[in-house]
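Listed below are the residues making up each chain.
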Amino acid sequence: MNAPLVWILFPLLVALLLFGIRRWRKVSLIIGTGFCVFLAVLALVTPINQATKSGLFQFSLPGEFSILGRVLNLTQQDMPIVAFMYMVGALWFFLSWDNRRKSLFVPVGLGIIALLIAALAVKPFIYGALLIEAAVLACILLLADQRKPVGSGTIRFLVFQTLGMPFLLLAGWFLASGEITPINETQLTLSVVLLGLGFSFWIGVFPLHTWIPMIAEEAEPRISGFIFSILPLPVMFFLLDFLNSYAWLREFPAIFPAFRWLGAILVLFGGVWALFQRNIRQVFGYLVMVLSGLSLLALGVKGAQGIHILTYSFFPRFLSIALISVFINIMLKNKCDLPIENLQGLAWKAPFSVLAITIAIFSSAGMPLLAGFPILQGLETNLSTLSYLALAMMLAGLFSLFLTGFRLLTILFARTDNLPEMKETMNDKLTIGLLVILILLIGFIPAIFNSFLSNLAGKFQFLLQ
Amino acid sequence: MLTFFSGALILAAVAAALLMLLSDSWRWTIAGLAIQYLVVFLLVAQIWPIGLAAIKLVAGWLAGVLLSMANTPTQLEEPFFSTRSASIFRLFSAGLVLMIVYAITPSVNTWLPIPFDYLLIGLLMVGMGVLQLGISQRPLRVILGLLTLLSGFEVIYSSLEGSALLAAILAAITLALGLIGSTILLTERPQGKA
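Here is a short report on the structure shown in this document. (Residues numbered from 1 in each chain as written. Chains lettered and ligands numbered in written order. Predicted model: local features only at pLDDT ≥ 70, side-chain atom pairs only at ≥ 80, totals over all residues. Heavy atoms only, no water.)

## What to know about the overall build of chain B
Worth spelling out the cut-off: Here a helix means four or more residues in a row that DSSP labels H or I, a strand means two or more in a row labelled E, and each is numbered from the N terminus. Remark: exposure states derive from per-residue accessible area (1.4 Å probe, protein chains only) relative to the maximum for the residue type, with buried under 20%, exposed over 50%, and partly exposed in between. The accessible surface values rely on the Shrake-Rupley method and a 1.4 Å probe; as for residues, cover is taken only from the protein chains in view.
A tally of helices and strands in chain B yields 7 helices and 0 strands. In chain B, the order of α-helices and β-strands from amino to carboxyl end is α-α-α-α-α-α-α. Taken across its 194 residues, chain B has 54% of its residues classed as buried. Carbon and sulfur atoms provide 75% of the accessible area of chain B, an area that totals close to 8,100 Å².

Okay, structure coming up:
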């Protein structure tokens, strides 16, 4: 028994089993959710590659597993992100409880998580690009599983993500060849360009972002939420692996400023566009763009500070996406129109739903006492010493997101005779309540949640210097 | 210097790409895909062990089978796409891509130290794949474009790196694209048609 077997191959087998029993929807959901929780807890308490037997278990799992001449290697430092990803998976599966038709969500979702963890574990790490692509293809299966023709957003998502992979593999080959022979300036520039193109396709950097609002608009909200919250995590780690592995890349003078500019542009455009949208689902898409921009800005802050901001941002990102997905799902369940002007007076009929959407937007915009505030604070402090223009662009984008929130509030609280027909179930209220409490808790005591994922920074020791 | 064998492979790759780009018949299109994967196999078999190279052929052909199983005869027909002027436009676009590829291959070859014919065929497939992706939004054409693009990339990358895991994952990706293509085509099929 070894760690990759437990957290990668075993879940893939369970995913196959769940695929077989998907017609028993509730059973599949309970097994999938329970299994994810089990793996998340196990990841937190099981020692990996420890010489001394201590703690809860008097054994230690080896971290390596050889497969087809290459190695899957999970270390103790990987365990928090493994636990986080399975926990996020469990929450999304739980949120799909009221889905009334048989769906591929649980089996394919579990498979996606296992593939993404394999992408984090595979050595040489460059093979992670292939595994992330495999996970993307599984995401397309989820998006296509909707009993209606797939939209152009899904097709564009498939094309952009697939185009990214060859660029990254070639960039990896260029950089790896530099370990054998000295790399020259042109080679380095070429590999940085390839790397930039690859990640721009994957993350959805402007102007390659168009698939994000399109997916948000056409996909089932819990599926789009799952994809938006889980797919960027290994992509960011893959990028960090690149920077950590190749000294000449991280010392290339343009690399960190490039992250800052791309991040600032993404936050600015995402925030401004969100303000002018007429449909909540499009606002959702642009909010995801802002969150991706903040992650890139964190990467642009060189050193330990940047990585700590990035790892901290995982929790608030997930919670904001989950809240807005829950809101859209409640609207769809009630056959409510999602154009914003049709939601007048919604606060008087569905206060919990309104709480969900406003908290999601304000937290992402960095409102004090909410989970997103420490990210804004950390980025402000660091960017003020690095680039005033990037800081100004970020603040302008977040201010626009704030205005989007206020605009929504004025519509949602408007007094009108034609209130939308809405009914919130106890389940909806409890879910929203739990997510809002978590956002407030993280906002009040960020250090506790930050310490959970901050160990991840140790994985990238060269970037910490 | 191109040998007769590599010249034949280049011609076969061009023919396969043109077949997929120009034809409105799904049979000819899938035949083009099959020829393309045969070319990939014949190229990769010269660098990798034949068993490993055969994975590419099997995966590519299986992807073709998956696509044909879910295909509907009208899938490739588009109002503008089927006109003569559209066909001439596509032919000229393909000619332009071929010229660009032929022109840039020597300079790319200075950065990617692989045999010239591999790079030429690889870039040709990538270019034709991008062209296919750029001129149609129909799912089958998009999937064919992606498969062509990835085939070209596989030809180039197999000269740079070879491992069983790489071959396995790339084959899985090819198969998954075929599966996704057939799933998408099935969701697009009008109700009542078998």
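So, next bit.
## Regarding the side chain of Ser6 of chain B
Applicable threshold: Any two residues having at least one pair of non-hydrogen atoms within 4.5 Å are treated as being in contact.
Among the secondary structure elements, Ser6 of chain B is positioned in helix α1 (residues 4-22). Not counting residues up to four positions away in its chain, the partners in contact with Ser6 of chain B are Asp117 and Ile121 of chain B.

## Re the sheet that holds strand β2 (residues 70-73) of chain A
All names here are of chain A. Selection rule: When DSSP finds two or more bridges between two strands, those strands count as paired. Axis angles are defined between N-to-C directions and span 0 to 180 degrees, where every axis is a line fitted to C-alpha atoms and, for a helix, only to the segment in contact.
In spatial order, the strands read β1-β2-β3; together these 3 strands make up an open sheet with antiparallel pairing. A strand with exactly one partner marks an edge of an open sheet, and here the two such strands are β1 (64-67) and β3 (122-123). Each of β1 and β2 touches helix α1 (residues 3-20); the most contacted strand, β1, lies at about 60 degrees to it.

## Considerations on the packing of helix α3 (residues 50-69) of chain B against helix α7 (residues 164-188) of chain B
Residue and element names in this part refer to chain B. Our working definition: The labels follow the angle: roughly parallel below 35 degrees, roughly antiparallel above 145, roughly perpendicular from 65 to 115, and oblique for the rest. The nonpolar class holds Ala, Val, Leu, Ile, Met, Phe, Trp, Tyr, Cys and Pro. Asp, Glu, Lys and Arg form the charged class, and all remaining residues, Gly among them, are polar.
Axis separation between α3 and α7 bottoms out at 8 Å; the angle between their running directions is 5 degrees. Judged by the inter-axis angle, α3 sits roughly parallel to α7. Where α3 approaches α7, its residues Leu52, Ile55, Lys56, Ala59, Gly60, Leu62, Ala63, Leu66 and Leu67 are matched on the opposing element by Ala164, Ala167, Leu170, Ala171, Thr174, Leu175, Gly178, Leu179, Gly181, Ser182 and Leu185. For the contact of α3 with α7, the per-class residue count stands at 14 nonpolar, 5 polar and 1 charged.

## Quick look at the interface of chain A and chain B
When the parts come together, some accessible area is lost, and that loss is often what is quoted as the size of the interface. So the rule is basically this: Once two parts are brought into contact, the accessible area they lose, counted with a 1.4 Å probe and summed over both, makes up the buried area. Definition used for salt bridges: Asp or Glu carboxyl oxygen within 4 Å of a side-chain nitrogen of Lys or Arg.
Contacts between chain A and chain B engage 31 residues on the former and 32 residues on the latter. Interface area, chain A with chain B, both sides summed: about 2,900 Å², of which 84% is carbon and sulfur. The tally of links between chain A and chain B comes to 0 salt bridges. Every element with two or more residues in the side of chain A that touches chain B is listed here: α5 (128-144), α6 (152-177) and α7 (185-203) of chain A.

## Things to note about the nonpolar core
To be explicit about the condition: Here the nonpolar core consists of buried residues drawn from Ala, Val, Leu, Ile, Met, Phe, Trp, Tyr and Cys, with membership extended through side-chain atoms lying within 4.5 Å.
Judged by nonpolar contacts, the single largest core of 254 residues is most densely connected at Trp7, Tyr86 and Phe242 of chain A. Counting residues per element, this core draws most heavily on helix α14 (residues 304-333) of chain A, at 17 residues.

## A few points about the packing of aromatic side chains
Residue and element names in this part refer to chain A. Operational definition: For this analysis, a ring pair means two rings from Phe, Tyr or Trp (six-membered ring only for Trp) whose centres lie within 6.5 Å, classed as stacked if their planes differ by under 30 degrees, edge-to-face if by over 60, and tilted for the remaining angles.
Under the counting rule described, the total for this entry stands at 32 aromatic pairs over all chains. Pairing Phe105 with Phe226 gives two aromatic rings, centres 5.4 Å apart and planes at 90 degrees, and the pair type is edge-to-face. Of this pair, Phe105 sits in helix α4 (residues 105-121) while Phe226 sits in helix α9 (residues 221-230), and the two are 121 residues apart along the sequence. Taken as a pair, Phe105 and Phe226 share a single burial class, namely buried. Taking the centre distance of 4.9 Å and the plane angle of 40 degrees together, the rings of Phe157 and Trp211 count as tilted. With Phe157 in helix α6 and Trp211 in helix α8 (residues 211-218), this residue pair connects regions lying 54 residues apart in the sequence.

## A few points about helix α3 (residues 79-95) of chain A
Definition in use: Take the number of residues in a helix, subtract one, and multiply by 1.5 Å to get its expected span.
When the terminal C-alpha atoms of α3 of chain A are compared, their 24 Å separation across 17 residues agrees well with the 24 Å that a helix rising 1.5 Å per residue should span. Where burial is concerned, most of α3 of chain A is hidden: 14 out of the 17 residues are buried.

## Overview of the environment of Ser158 of chain B
Residue and element names in this part refer to chain B. Among the secondary structure elements, Ser158 is positioned in helix α6 (residues 139-160). For Ser158 and Ala16, which are 142 residues apart along the polypeptide, the C-alpha to C-alpha distance reads 20 Å. Contact partners of Ser158, with chain neighbours within four places excluded, come to Val44, Ile47 and Trp48.

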